[in-house]
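# Structural overview for review
Each chain, written out:
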Amino acid sequence: MSISIGRQTLICQCLSSLPLEDFECLLMDYDYDKLSTKSLLKIFVAAQLDKWSSYGQFEEKLRAHPNLRKELGISEISGSQLSRRINDLPTEWVQKLFLKVIQKIQELTKKQTGISKNIGYLKIVDSTQIRLPKTLCNWANISKEFNSVKMHTRLVVVSKDTVFPDKIIPSSGIVGDSETANLLVETDDATYVMDRGYPTIKNLEDWLEREISFVTRISKSLRLYSIEEYTPTHPSVLRDAKVNFGVSKKPVRYIEFVDEQNRTYRILTSRWDLTDQEIMEIYKNRWMIELFFKWVKQHLKLTKVWSTKPQGIWNQMFLSLIAYGLALIVKLQTQSTKTLWEFFQILQIYLYKSWSSFLKALFRKKSRTSRGRQKVPIPLEKKPIVFGTVAICKEKRKK
């Protein structure tokens, strides 16, 4: 999976780099002679990258860009066909493509060491809620006025600048975080970071039994029994202790600290090798997953659903993350030092331009901002505000 430098448009270069070798089987497309599964997946990834918001826009974009249609291998397609196919497409197939994209990211980031050499990789576990139309998605009903689904996510932090999801579990909105914990927390070399929704007594005991490294916030209802107290080494840390929880006989470490707004955090961890300050730093990095959810919803339009059926929505979750992964792969391959958002802005602007023009914009040097020695400005008299004759304006009365 590599991106070649040619005269092809950037969006075609990106789509041609998707690892779609396993989707060229004729049996997959036995009943779909006009639109292959491979083309279908490319269309929806393009829609995510370019933020297409409706099936009408799908049609117009494809009509306006013949080079894109050529890359997709289609002459024309209707929105109704796309709607039917995204609902019928087995989610297992889209999940398989997602995992292949993640595998490429893992290859490109294997030399990165995590937040620091001491801390290593982090895997942050959390979920985000996606609200659905009130009348069309009763299968996702939570209350009379609220329908939603969840995307339970495991976000890998390989450096302070590079994060990516390596596993998600779609669910209806009433599935609790703790119910998915042991599907997302696996035995490996990473430290798992979680909020209060995950550490039930049963889950904590299971993680200790499997020797999972974790840093998790706990609720006040979890009863702790002190075994040994340590002297905190950082002014924000109120307590550092060895404790037992509930009826467990395996001790864990308890860190209590306050943040800049004087909010108190109660943390349990199995990392005995780190300082209290490093444990505090690990938990503060949990905020990365909140930023990730915000990024995906805003810039890949995950909140704008293309389907009202479960399978169509599950497929869109995976396709959104495939688009995210594809953008990250291009960023890693070009070795850009820009933030992902800065990079993605340029990528979206140049989607229908050539690869070479994209690279030129990506590595363009900033123009000189200094204007030399400046004169001290002389204060000007304030001019009266002119409202014009069209608008109606009323000033607030002064007391």
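Our structure is the block above this text.
Before going into details, it helps to say that this report is about the structure given with it. Since the model is a prediction, treat every value here as computed from it, not as a measurement.

## With respect to the nonpolar core
Among the nonpolar cores identified, the biggest contains 99 residues, and Tyr324 and Phe358 are the most heavily contacted of them. A total of 15 residues in this core trace back to one element, the largest contributor, which is helix 11 (residues 310–334). Beyond its immediate chain neighbours, meaning those up to four positions away, Tyr324 contacts Val163, Phe164, Pro165, Phe292, Trp295, Val296, Leu300 and Leu340. Core analysis: the second largest hydrophobic core is formed by 21 residues, Tyr198, Leu204, Leu208 and Val243 among them.

## A closer look at the environment of Arg263
Summarising the element assignment, Arg263 is placed in the loop between strand 9 (252–258) and strand 10 (264–269). Put simply, Arg263 and Lys304 are 41 residues apart on the chain and 34 Å apart in space, counted from C-alpha to C-alpha. With residues up to four places along the chain from it excluded, the contact list for Arg263 reads Phe257 and Val258. At a separation of 2.9 Å, a polar atom in the side chain of Arg263 contacts the side chain of Gln261.

## Section: the pattern of salt bridges
For the structure shown, the criterion picks out 22 salt bridges. Taking the shortest distance from any N to any O, the salt bridge between Asp188 and Lys123 comes out at 2.8 Å. Taken together, the residues Asp188 in the loop between helix 7 (177–184) and strand 5 (191–194) and Lys123 in strand 1 (residues 122–132) connect sequence positions 65 residues apart. Residue Lys123 is classed as buried on the basis of its relative accessible area of 11%. Linking Lys284 and Glu260 is a salt bridge whose minimum nitrogen-to-oxygen distance equals 3.5 Å. Of the two residues, Lys284 is situated in helix 9 (residues 276–284) and Glu260 in the loop between strand 9 and strand 10; the sequence distance between them amounts to 24 residues. By relative accessible area, which is 37% here, Lys284 ends up partly exposed.

## Topic: unusual backbone geometry
At Asn262, a residue that is not glycine, the phi angle is positive and equals roughly 65°. Within the element layout of this structure, Asn262 appears in the loop between strand 9 and strand 10. Positive phi outside glycine occurs at Lys301, with the angle close to 55°. Taking the relative accessible area as the measure of exposure, Lys301 reaches 37% and is therefore partly exposed.

## Some words on the pairing of strand 5
Across the two faces of strand 5 the burial is the same, with Thr191 and Val193 and Tyr192 and Met194 all buried. Two elements, strand 1 and strand 5, share four bridges in a ladder whose sense is parallel. Paired with Leu122 across the two strands is Thr191, which belongs to strand 5. Alignment of strand 5 against strand 6 (residues 213–217), held across four bridges, turns out to be parallel. Looking at strand 6, one finds that Val193 is bridged to Val215.

Rules and cut-offs
Residues numbered from 1 in each chain as written. Predicted model: local features only at pLDDT ≥ 70, side-chain atom pairs only at ≥ 80, totals over all residues. Heavy atoms only, no water. Core = buried A, V, L, I, M, F, W, Y, C linked by side-chain atoms within 4.5 Å. Buried < 20%, exposed > 50% of the residue type's maximum accessible area, 1.4 Å probe, protein only. Helix = DSSP H or I, 4+ residues; strand = E, 2+ residues; numbered from the N terminus. Contact = heavy atoms within 4.5 Å. Polar contact = N/O pair within 3.5 Å; in protein donor to acceptor, adjacent residues only side chain to side chain. Salt bridge = Lys/Arg side-chain N within 4 Å of Asp/Glu carboxyl O. Pairing = 2+ DSSP bridges.

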